[in-house]
Amino acid sequence: MISLINMPPDWGFGNRILFYNNLRQRAAAEGIGWSSIPWKGSEYFEGVSNNVHISGGVSLKPCLGEKFFAWHTMSTRDIFKFKDPNPDQFVPSANVAVHFRGGDFHEWNIDAVLDTEYYINSINSVLNTVNHFYLFTDDESLTSYQTVVKYLKEMGASYSTGENLRSSYINDFKTMTECDYIISSPSTYCICAGFIGRYKKIIHSQKWIDNRVSVNDKFWVDLKNGGNKDYSIWRLV
């Protein structure tokens with residue numbers, strides 16, 4: 001038995017998903033049982049927390065992307081299924097989620113706040129093959145976000161913005177999981193949307209990938225080396 005008995009209280013939704021995913025992957029790889037306490041956001045998924053901890057088992061220590069590819073045994077899409085898929089928020093085909101992350105990334109790593117050029121070039125790479133763009137961000141003051149909104153208007157492209165509120169993060173997340181493409185950011189919130197729901201064509205920043213590979217950040221090294229069937233790079237821009 002392997003158990004998740006403590007979720008770091010300062011972790012966001014994406015980190016919580018990654019940690020829980022690691023629990024399930026480790027249990028599947030070793031052919032053992034698992035248990036988990038409820039965690040904020042687990043209530044949106046079927047069968048994610050069984051609210052049981054059996055003494056005598058192993059407690060999984062906090063871990064994130066460094067184990068994502070190494071421990072991959074079962075599909076993330078089998079682990080994470082929404083209880084309520086929100087049929088009223090139907091996402092049509094040939095659409096793109098574009099994610100901009102600002103906020104605390106300015107303090108964590110300024111390089112993680114991706115530049116406008118990346119977003120414009122990524123949009124141009126799919127502009128003639130998609131029908132609609134969904135724009136999501138935690139920081140609508142970002143120059144990149146504002147420039148993209150203006151650019152899409154000028155191009156006459158179909159687009160809409162997410163609710164972009166931390167209080168209703170799950171609605172934007174569900175929409176992202178049902179998109180066909182993601183123009184991604186380094187945010188674990190966005191990365192997790194990439195490996196849940198529809199299989200997607202995922203675009204990442206070449207500059208960011210090279211940055212993380214240069215410091216041997218294992219998640220990004222493994223991703224650049226091919227990823228897995230649930231999460232891989234379709235195009236670097």
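In case you missed it, the structure is sitting above this.
Residues numbered from 1 in each chain as written. Predicted model: local features only at pLDDT ≥ 70, side-chain atom pairs only at ≥ 80, totals over all residues. Heavy atoms only, no water.

Trainee: Before we go on, may I ask you to explain the overall build of the protein in this structure?
Mentor: Helix and strand counts for the protein come out as 9 helices and 9 strands. The C-alpha atoms of the protein give 18 Å as radius of gyration, which agrees with the globular expectation for 237 residues (18 Å, within 12%). With the C-alpha coordinates aligned to their principal axes, the bounding extent of the protein is approximately 60 × 45 × 30 Å. Looking at the 237 residues of the protein, the share that counts as buried comes to 52%. Element-wise, carbon and sulfur atoms account for 49% of the exposed surface of the protein, whose accessible area totals about 10900 Å². (Helix = DSSP H or I, 4+ residues; strand = E, 2+ residues; numbered from the N terminus. Rg over C-alpha atoms; globule rule 2.2 N^0.38 Å. Buried < 20%, exposed > 50% of the residue type's maximum accessible area, 1.4 Å probe, protein only. Areas by Shrake-Rupley, 256 points an atom, 1.4 Å probe, with all protein chains shown as cover.)

Trainee: How should the sheet that holds strand S7 (residues 181–183) be read in this particular structure?
Mentor: Read across the open sheet, the 6 strands follow the order S6-S5-S4-S7-S8-S9; overall the sheet is parallel. Of all the strands in the sheet, the pair left with one neighbour each is strand S6 (159–161) and strand S9 (235–236). Looking at chain direction, S7 and strand S8 (residues 201–204) are connected through 3 bridges and run parallel. Paired with Ile 183 across the two strands is Ile 203, which belongs to S8. Running over the sheet, helix H5 (residues 143–155) touches strand S4 (95–100), strand S5 (132–137) and S6 and is turned about 160° from S5. (Pairing = 2+ DSSP bridges. Contact = heavy atoms within 4.5 Å. Axes fitted to C-alpha atoms, helices over the stretch in contact; angles between N-to-C directions.)

Trainee: Just checking my understanding: could you explain helix H8 (residues 206–214) for this structure?
Mentor: Along an α-helix, a turn takes 3.6 residues, which lines up residues three or four apart on a common side. Along H8, the residues classified as buried are Trp 208, Ile 209 and Arg 212. All buried residues of H8 project into a common sector of 100° when viewed along the axis, lining one side. In H8, the exposed positions angled more than 90 degrees off the buried face are occupied by Lys 207 and Ser 214. A side-chain oxygen of the first residue of H8 lies 3.3 Å from the backbone nitrogen of Lys 207; this N-cap is Ser 205. A positive backbone phi angle near 60° is found at Asn 216, which sits one or two residues after H8. (Arc of directions from axis to C-beta. Polar contact = N/O pair within 3.5 Å; in protein donor to acceptor, adjacent residues only side chain to side chain.)

Trainee: What am I meant to see in the environment of Thr 129 here?
Mentor: Within the secondary structure, Thr 129 is located in the loop between helix H4 (116–126) and S5. Given a relative accessible area of 51%, Thr 129 falls into the exposed group. Separated by 37 residues in the primary sequence, Thr 129 and Arg 166 have C-alpha atoms spaced 31 Å apart. With residues near it in sequence (within four places) discarded, Thr 129 still touches Ala 94 and Tyr 181.

Trainee: Quick question: what am I supposed to make of the side chain of Asn 15 here?
Mentor: Looking at the secondary structure, you find Asn 15 in helix H1 (residues 13–30). In this structure Asn 15 comes out as buried when scored by relative accessible area, which is 17%. If we ignore the near neighbours within four places in the chain, the residues touching Asn 15 are Leu 64 and Thr 188.

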